[in-house]
Amino acid sequence: MQRTLVLIKPDGVQRGLVGEIIRRLERRGLKLIAMKMMQVPREQASRHYAEHQGKAFYEGLLGFITSGPIVAMIWEGREAVTVVRSLMGSTDPLKAQPGTIRGDLALDLGMNLIHGSDSPARAESEIALFFSAAEFHEYERTIDQWIRE
Ligand code: IDP
Ligand code: MG
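Residues numbered from 1 in each chain as written. Chains lettered and ligands numbered in written order. Predicted model: local features only at pLDDT ≥ 70, side-chain atom pairs only at ≥ 80, totals over all residues. Heavy atoms only, no water.

Tell me what's going on with the pattern of salt bridges, and back it up with residues and numbers.
Under the definition given, this model contains 14 salt bridges. A salt bridge links Arg 3 to Glu 138; its shortest N-O distance comes to 3.4 Å. On the criterion of sequence distance, the pair formed by Arg 3 in strand β1 (residues 2-8) and Glu 138 in the segment after α7 (120-130) is long-range, its members being 135 residues apart. The class for Glu 138 is exposed, based on a relative accessible area of 63%. Two residues, Glu 126 and Arg 122, come together in a salt bridge whose shortest N-O distance is 3.1 Å. Taken together, the residues Glu 126 and Arg 122, both in helix α7 and 4 residues apart, mark about one turn of the helix. (Salt bridge = Lys/Arg side-chain N within 4 Å of Asp/Glu carboxyl O. Helix = DSSP H or I, 4+ residues; strand = E, 2+ residues; numbered from the N terminus. Buried < 20%, exposed > 50% of the residue type's maximum accessible area, 1.4 Å probe, protein only.)

Encoded structure:
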């Protein structure tokens, strides 16, 4: 079973879309393993977005992600990384398909509501950056027999 890191960015919290976003992930059948509300320290944000260092939008991105509380979560399921990315939609909400989180709920590249890891390897390192193993919840869901073949 694969795990992925999801962040509801400060715009999602401010706009009251935390429940809406979680609802979409839950309804797909993904399983919530960990969740917390936090304000990301700048040092953690710069590690999280290290791949974008030096790009024109980097400073704005760091300022934005550290500007207010976010909700950080770990979600588990078959191909969870790809499934979450497809539920999110394209990075630019103007290009995101209707039916996706960004395509239904956002308009701006810098205010696109949600982060999801883009590969299993990145998921592993991003999960380690945001959570300690003590914060994971191992539990059985009886409903899984109706989700997993
Ligand atoms: P992703 O969030 O879909 O994985 P990335 O390319 O990893 O997209 O970029 C990280 C975040 O940086 C995006 O979600 C978006 O908020 C912001 N971003 C990416 N490209 C641009 C840009 O060209 N201008 C402004 N912000 C950008
Ligand atoms: Mg990315």
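Any details on the site of ligand 1? Residues and values, ideally.
Taken together, the neighbourhood of ligand 1 is formed by Lys 9, Tyr 49, Glu 51, His 52, Phe 57, Leu 61, Arg 85, Thr 91, Arg 102, Leu 109 and Asn 112. Contact distances for ligand 1 include 2.9 Å between an oxygen atom and a side-chain N or O atom of Lys 9. In this structure, Leu 109 approaches ligand 1 through a main-chain N or O atom, which is 2.9 Å from an oxygen atom. Here ligand 1 is seated within the largest pocket. Taken together, the residues that form the shell around ligand 1 break down as 4 nonpolar, 3 polar and 4 charged. (Near = heavy atom within 4 Å. Polar contact = N/O pair within 3.5 Å; in protein donor to acceptor, adjacent residues only side chain to side chain. 1 Å grid on protein atoms, 1.4 Å probe; cavity = no way out; pocket = protein on both sides within 12 Å on 5 of 7 lines; lining within 4 Å. Sits in = over half its atoms within 2 Å of the grid points. Nonpolar A, V, L, I, M, F, W, Y, C, P; charged D, E, K, R; others polar.)

Tell me what's going on with the layout of surface pockets, and back it up with residues and numbers.
In this model, the largest pocket occupies a volume close to 460 Å³. Those elements that place two or more of their residues in the lining of the largest pocket are α4 (58-65), α5 (80-88), β4 (114-116) and α7. Split by residue class, the lining of the largest pocket holds 7 nonpolar, 8 polar and 7 charged. Taken together, 14 residues line the second largest pocket, and the ones lying closest to its centre are Arg 28, Gly 77, Arg 78, Ile 147 and Arg 148. Residues that form the lining of the second largest pocket fall into these classes: 3 nonpolar, 2 polar and 9 charged. (Points joined across faces, edges and corners; volume = space filled by probe spheres on them.)

Let's hear about the sheet that holds strand β2 (residues 31-38): which residues, and what values?
Strand order across the open sheet formed by 4 strands is β2-β3-β1-β4, with antiparallel pairing between neighbours. Each of the sheet's edge strands pairs with one partner strand only, and the pair in question is β2 and β4. Across the sheet, the axes of successive neighbouring strands diverge by a mean angle of 15 degrees, strand direction being ignored. Pairing analysis gives 7 bridges linking β1 to strand β3 (residues 70-77), with the strands arranged antiparallel. From the neighbouring strand, Ile 8 faces β3, where its bridge partner is Val 71. Packing of α5 onto the sheet brings it into contact with β1, β3 and β4, and relative to β1 it is tilted by some 30 degrees. (Pairing = 2+ DSSP bridges. Axes fitted to C-alpha atoms, helices over the stretch in contact; angles between N-to-C directions. Contact = heavy atoms within 4.5 Å.)

Just give me the short version of the side chain of Asn 112, but keep the residues and values in it.
Mapped onto the elements of the fold, Asn 112 is located in the loop between α6 (101-105) and β4. A polar contact is formed between the side chain of Asn 112 and the side chain of Lys 9, at a distance of 2.7 Å. Only 3.3 Å separates the side chain of Asn 112 from the backbone oxygen of Leu 109, close enough to count as a polar contact. In this structure Asn 112 touches Lys 9, Asp 11, Thr 91, Pro 93, Arg 102 and Ala 106, once residues within four positions along its chain are discounted.

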